[in-house]
Amino acid sequence: MSERILLVEDEEKLARMVEMELKYEGYQVEKALDGRRGLELALGGSFDLVLLDIMLPQLSGMEVLRRLRRESQVPVIMLTARDSVVDKVAGLDSEADDYITKPFAIEELLARIRAALRGKGGLAAQSLPLAVGPLVMDVEKHQVTVRGRNVELTKKEFDLLRHLLENKDRVLTREALLDAVWGFDFVGETNSVDVYIRFLRSKLDDAFGLKLIHTVRGVGYVIKED
Ligand code: CA
């Protein structure tokens, strides 16, 4: 049976989009547009996961979480507005299982959902490390190493590298990368991708004498072993 997800989000457009994507992935989805209804559903229904916006009418996401936790240990991923409450949420780590900052790429949300469901379902061993050649990414620890040496990446660099690794040996267009890493409502130039590819090359390929990130002229980029 497919997993049941409760989505509590008052931005209807975003809620509809997320619902559609989740259903497409095979999840069952229920939606609440305010905190009170969200809490009611969360307490009443048997959900495998709750996606919980923070800024909600009626009852804030924080309050929903606090009340929910008195009765339930269902995994909760908080949806937060741009950076504003990240610190506050990070401090909540014992209560929320994870959080994601808007705007987010749907791929990232799906990856977090899979991770949260795994954590609960005891399928933990299934998370494969992402790797190419001597480069290894530990998504849960948010860590990248080359030959065992730690590489510091910014969030965007990390997300871009992750998307390349998840599609190892497959050529990705700039548009696809932009969409996956910068998100559905990004407004800007596709050359952001080129700029960040350059950052990654300098930190990975150049720093370690490797050639992992390849340009496919007129198409885009691919990560692969030489
Ligand atoms: Ca909101």
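Participant: Which residues make up the overall build of the protein chain, and what values go with them?
Facilitator: Looking only at helices and strands, the protein chain features 8 helices and 12 strands. Summarising the internal contacts of the protein chain: among those between residues at least 6 apart in sequence, 56% fall at separations of at least 24. Total accessible area computed for the protein chain in this model is approximately 12,000 Å², and 48% of it derives from carbon and sulfur atoms.

Participant: Please provide a residue-by-residue account of the coordination of the calcium ion, values included.
Facilitator: Looking at the calcium ion, one finds its protein donor set to be Asp 10 (OD), Asp 53 (OD) and Met 55 (O), positioned 2.1 to 2.3 Å from the metal centre. The sequence pattern formed by the donor residues of the calcium ion is D-x42-D-x1-M. By relative accessible area, which is 3% here, Asp 53 ends up buried.

Participant: Explain the environment of Ile 223 residue by residue, including any values.
Facilitator: For Ile 223, the location among the structural elements is in strand 12 (residues 220–223). Spatially, the C-alpha atoms of Ile 223 and Leu 172 are 9.2 Å apart, while their sequence positions differ by 51 residues. When near neighbours in sequence (up to four residues on either side) are disregarded, Ile 223 contacts Val 132, Leu 161, Leu 164, Leu 165, Lys 168, Asp 169, Leu 212 and Ile 213.

Participant: I'd like a rundown of the sheet that holds strand 5 (residues 98–101), residues and numbers included.
Facilitator: With respect to topology, 5 strands assemble into an open sheet ordered 2-1-3-4-5, the strand pairing being parallel. Both edges of this open sheet fall to strand 2 (28–32) and strand 5, since each of them pairs with a single strand only. The mean angle between the axes of side-by-side strands here comes to 20°, regardless of whether they run parallel or antiparallel.

Participant: Let's hear about the nonpolar core: which residues, and what values?
Facilitator: Grouped together as the largest cluster of nonpolar side chains are 29 residues, with contacts concentrated most on Leu 135, Val 144, Leu 161, Leu 164 and Leu 204. Looking at this core, the elements that each hand over two or more residues are strand 6 (130–132), strand 7 (135–138), strand 8 (143–146), helix 6 (155–166), helix 7 (174–182), helix 8 (191–208) and strand 12. Contact partners of Val 144, with chain neighbours within four places excluded, come to Leu 135, Val 136, Met 137, Arg 149, Asn 150, Val 151, Leu 153, Phe 158, Leu 161 and Leu 204. Core analysis: the second largest hydrophobic core is formed by 21 residues, Leu 7, Ile 77, Ile 100 and Leu 117 among them.

Participant: Account for the pattern of salt bridges, naming residues and giving values.
Facilitator: Under the criterion given, the structure shown has 15 salt bridges. For the salt bridge of Glu 157 with Lys 203, the shortest nitrogen-to-oxygen distance reads 2.8 Å. Note that Glu 157 is positioned in helix 6 and Lys 203 in helix 8, a separation of 46 residues in sequence. Under the relative-accessibility criterion, Glu 157 is labelled buried at 3%.

Participant: Run through the packing of aromatic side chains, naming residues and quoting values.
Facilitator: Tallied over the full model, the rule gives 1 aromatic pair. With a centroid separation of 5.2 Å and 80° between ring planes, the pair formed by Tyr 196 and Phe 199 is classed as edge-to-face. Taken together, the residues span about one helical turn, with Tyr 196 and Phe 199 both in helix 8 at a distance of 3 residues. Phe 199 sits in the partly exposed class, given a relative accessible area of 37%.

Participant: Describe the pairing of strand 4 (residues 76–80), naming the residues involved and giving the relevant values.
Facilitator: Counting buried residues in strand 4 gives 5 out of 5 residues, a clear majority hidden from the surface. The two faces of strand 4 match: Val 76, Met 78 and Thr 80 on one face and Ile 77 and Leu 79 on the other face are all buried. Note: strand 3 (residues 49–53) against strand 4, 4 bridges, orientation parallel. Looking at strand 4, one finds that Asp 53 is bridged to Leu 79. Between the parallel pair strand 3 and strand 4, the chain is carried across by helix 3 (residues 61–69), and the sense of this crossover is right-handed. For strand 4 and strand 5, the ladder comprises 4 bridges, and the chain directions are parallel.

Participant: Can you explain the environment of Glu 11? Please cite residues and give values.
Facilitator: Within the secondary structure, Glu 11 is located in the loop between strand 1 (4–8) and helix 1 (12–24). Residue classification places Glu 11 among the partly exposed residues on the basis of a relative accessible area of 40%. In this structure the C-alpha to C-alpha distance between Glu 11 and Leu 33, which are 22 residues apart in sequence, comes to 7.5 Å.

So, how was this worked out
Residues numbered from 1 in each chain as written. Predicted model: local features only at pLDDT ≥ 70, side-chain atom pairs only at ≥ 80, totals over all residues. Heavy atoms only, no water. Helix = DSSP H or I, 4+ residues; strand = E, 2+ residues; numbered from the N terminus. Contact = heavy atoms within 4.5 Å. Areas by Shrake-Rupley, 256 points an atom, 1.4 Å probe, with all protein chains shown as cover. Donors = N, O, S within 2.8 Å, 3.2 Å for Na, K, Ca; no water. Buried < 20%, exposed > 50% of the residue type's maximum accessible area, 1.4 Å probe, protein only. Pairing = 2+ DSSP bridges. Axes fitted to C-alpha atoms, helices over the stretch in contact; angles between N-to-C directions. Core = buried A, V, L, I, M, F, W, Y, C linked by side-chain atoms within 4.5 Å. Salt bridge = Lys/Arg side-chain N within 4 Å of Asp/Glu carboxyl O. Phe/Tyr/Trp six-rings, centres within 6.5 Å; stacked < 30°, edge-to-face > 60°. Right-handed = clockwise from strand over helix to strand, strands pointing away.

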